[in-house]
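Each chain is listed here by its residues.
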Amino acid sequence: MFNPEMYPVAVVILRETVEVALILTVVLAATRGITGRAPYIWGGLLAGVVGSGILALFMDRITNMADGFGQEVLNAIILLLAAVMIGWTVVWMKVHGRELSQRIKELGSNLRAGDTSFVTLSIIIALAMFREGSEVVLLSHSYFAQGILLSDYLMGAFLGFGGGVIIGLLFYLGMITVFAKHFFSITSWMLALLAAGLAGKGVHYLVTIDYLPAWGYEVWDTSWLLSEESWLGEFLSVLVGYSAQPSGMQLFAYAVTLGL
């Protein structure tokens, strides 16, 4: 039977899975013309899962680093590094976009990307899985500390993960169907916005712990119109870097990354 205790677990894992799925959907859709990418995709996912588990084991030590702000610094590093990797993917697509487009139209060809693009794809996937996976592990630990039954946890995790995968799959299929005519230009823009959003979030972590100046803590406040806690707000936060209360430094990082 469904136990109410499983629902918080399902919601948490659904949110984290959707975040990973949205990032992967944009990256995978943008590189779908590349053959031989599957081992790098699965390798990146595995590395992210293993890394997040290891990170969770040492989270207390990490948190105590950097004068107690170790977790914030680590999150900032992960986000900024992911922004760089996705930015590189955008540049690579601009260079090879015509070849990839031709590859999709001519299914008989055997175009392969260079080793650099494969490794970049793996790193992006590993970073996305690493960050969200570590949060799932830590939140799961807190639920077990509160006495949740293993069966309830597993059922909630199954529902949340399954729902996240379905949402990501539908988004992927929708992208390659709706955007078919101008596929590469649209996915390039989506990747650029994704990279800018990650850079903005990474800088936000550094602003909150006073490692960077804020240049204004709340340039505007649109939380009354669209909260970041809502499903649409979280969706836009992942895909385009939406922030209801951005700082000036966050906007600067977003604009510079998008401009580059």
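Residues numbered from 1 in each chain as written. Predicted model: local features only at pLDDT ≥ 70, side-chain atom pairs only at ≥ 80, totals over all residues. Heavy atoms only, no water.

Engineer: Just checking my understanding: could you explain unusual backbone geometry for this structure?
Structural biologist: Most of the time, phi is negative for any residue but glycine, and the peptide bond is trans. A positive phi angle, close to 65°, is found at Asp 210, a residue other than glycine. Note that Asp 210 resides in the loop between helix 7 (183–208) and helix 8 (231–240). On the basis of relative accessibility, which here comes to 59%, the residue Asp 210 falls in the exposed class. Positive phi, normally seen in glycine, also occurs at Trp 215, with a value near 55°. Along the chain, the position of Trp 215 falls in the loop between helix 7 and helix 8. (Helix = DSSP H or I, 4+ residues; strand = E, 2+ residues; numbered from the N terminus. Buried < 20%, exposed > 50% of the residue type's maximum accessible area, 1.4 Å probe, protein only.)

Engineer: I keep staring at a nonpolar patch on the surface and nothing clicks. Help me out?
Structural biologist: A contiguous nonpolar surface patch, about 510 Å² in accessible area, is contributed by Leu 46, Val 50, Ile 54, Leu 57 and Phe 58. Considering the arrangement of structural elements, one finds Val 50 in helix 2 (residues 38–57). (Patch = residues over 30% accessible without salt bridge, like charges linked within 9 Å, V, L, I, M, F, W, Y side chains within 5 Å. Areas by Shrake-Rupley, 256 points an atom, 1.4 Å probe, with all protein chains shown as cover. Salt bridge = Lys/Arg side-chain N within 4 Å of Asp/Glu carboxyl O.)

Engineer: Looking at this structure, I do not really get the nonpolar core. What am I missing?
Structural biologist: The nonpolar side chains of a soluble globular protein tend to be buried with one another. Val 26, Leu 28, Ile 86, Ile 125, Phe 171, Leu 191 and Leu 198 are the most contacted members of the largest nonpolar core, which has 40 residues in total. Looking at this core, the elements that each hand over two or more residues are helix 1 (6–30), helix 2, helix 3 (59–68), helix 4 (70–105), helix 5 (115–145), helix 6 (150–178), helix 7 and helix 8. Top element by residues in this core is helix 1. It accounts for 11 residues. Those residues in contact with Phe 171 that lie beyond four places of it in its chain are Leu 22, Thr 25, Val 26, Met 190, Phe 235 and Leu 239. (Core = buried A, V, L, I, M, F, W, Y, C linked by side-chain atoms within 4.5 Å. Contact = heavy atoms within 4.5 Å.)

Engineer: Quick question: what am I supposed to make of helix 9 (residues 248–259) here?
Structural biologist: Turn by turn, an α-helix covers 3.6 residues, leaving residues three or four places apart pointing in a common direction. With 12 residues, helix 9 extends 16 Å from end C-alpha to end C-alpha; this agrees with the ideal 16 Å at 1.5 Å per step. Regarding helix 9, the residues found buried are Gly 248, Met 249, Gln 250, Ala 253 and Tyr 254. (Expected span 1.5 Å × (residues − 1).)

Engineer: Explanation requested: the packing of aromatic side chains in the structure shown.
Structural biologist: Where two aromatic rings form a pair, the distance of their centres and the angle of their planes describe that pair. Tallied over the full model, the rule gives two aromatic pairs. Each ring, one from Phe 171 and one from Phe 235, has its centre 5.7 Å from the other, and the planes form 90°; the classification is edge-to-face. One end of the pair, Phe 171, is in helix 6; the other, Phe 235, is in helix 8, with 64 residues separating them in the sequence. Between the aromatic rings of Trp 215 and Phe 252, the centroid separation amounts to 5.3 Å while the plane-to-plane angle is 70°, which identifies the pairing as edge-to-face. Linking Trp 215 in the loop between helix 7 and helix 8 with Phe 252 in helix 9, this pair joins segments that are 37 residues apart in sequence. (Phe/Tyr/Trp six-rings, centres within 6.5 Å; stacked < 30°, edge-to-face > 60°.)

Engineer: Looking at this structure, how should I read empty space enclosed by the protein?
Structural biologist: Once rolled over the atoms, a probe with the size of a water molecule shows which space is left empty. In the structure shown here, the tally under the stated rule is three cavities of 30 Å³ or more. A volume near 140 Å³ is recorded for the largest cavity. Residue lining of the largest cavity: 14 residues in total, with Ile 23, Leu 79, Arg 131, Glu 132 and Leu 198 positioned closest to the centre. Those elements that provide at least two residues to the lining of the largest cavity are helix 1, helix 4, helix 5 and helix 7. With five residues, the single largest contributor to the lining of the largest cavity is helix 5. Looking at the lining of the largest cavity residue by residue, the classes come out as 10 nonpolar, no polar and four charged. (1 Å grid on protein atoms, 1.4 Å probe; cavity = no way out; pocket = protein on both sides within 12 Å on 5 of 7 lines; lining within 4 Å. Points joined across faces, edges and corners; volume = space filled by probe spheres on them. Nonpolar A, V, L, I, M, F, W, Y, C, P; charged D, E, K, R; others polar.)

Engineer: Whenever I open this one, the side chain of Glu 16 confuses me. Can you help?
Structural biologist: Tracing the sequence through the fold places Glu 16 in helix 1. Those residues within four positions of Glu 16 in sequence are excluded, and the remaining contacts are Glu 132, Glu 135 and Val 136.

Engineer: Can you help me understand helix 1 in this one?
Structural biologist: Counted at 1.5 Å a residue, the expected span for helix 1 with its 25 residues is 36 Å, and the 35 Å between its end C-alpha atoms agrees. For helix 1, the buried fraction is high: 21 of the 25 residues fall into the buried class.

Engineer: Got a minute to help me understand the confidence of the model for the chain in this structure?
Structural biologist: In the predicted model, the chain carries a mean pLDDT of 79, and 83% of its residues have values of at least 70. Mean pLDDT per element in the chain: helix 4 is the minimum at 72, and helix 9 is the maximum at 93. Per-residue pLDDT stays below 50 along residues 104–113; that stretch engages in 15 contacts with residues further than four places along the chain or on separate chains. (pLDDT = per-residue confidence, 0-100.)

Engineer: Can you walk me through the packing of helix 1 against helix 8 in this structure?
Structural biologist: Between helix 1 and helix 8, the shortest axis-to-axis distance is 10 Å and the interhelical angle comes to 40°. One element, helix 1, and the other, helix 8, form an angle in the oblique class. Of the two possible hands of crossing, helix 1 and helix 8 adopt the one that is right-handed. The residues of helix 8 that touch helix 1, namely those facing Leu 14, Arg 15, Glu 19, Leu 22, Ile 23 and Val 26, are Trp 231, Glu 234, Phe 235, Val 238 and Leu 239. (Axes fitted to C-alpha atoms, helices over the stretch in contact; angles between N-to-C directions. Parallel < 35°, antiparallel > 145°, perpendicular 65-115°, else oblique. Left-handed = near helix turned anticlockwise from the far one by under 90°.)

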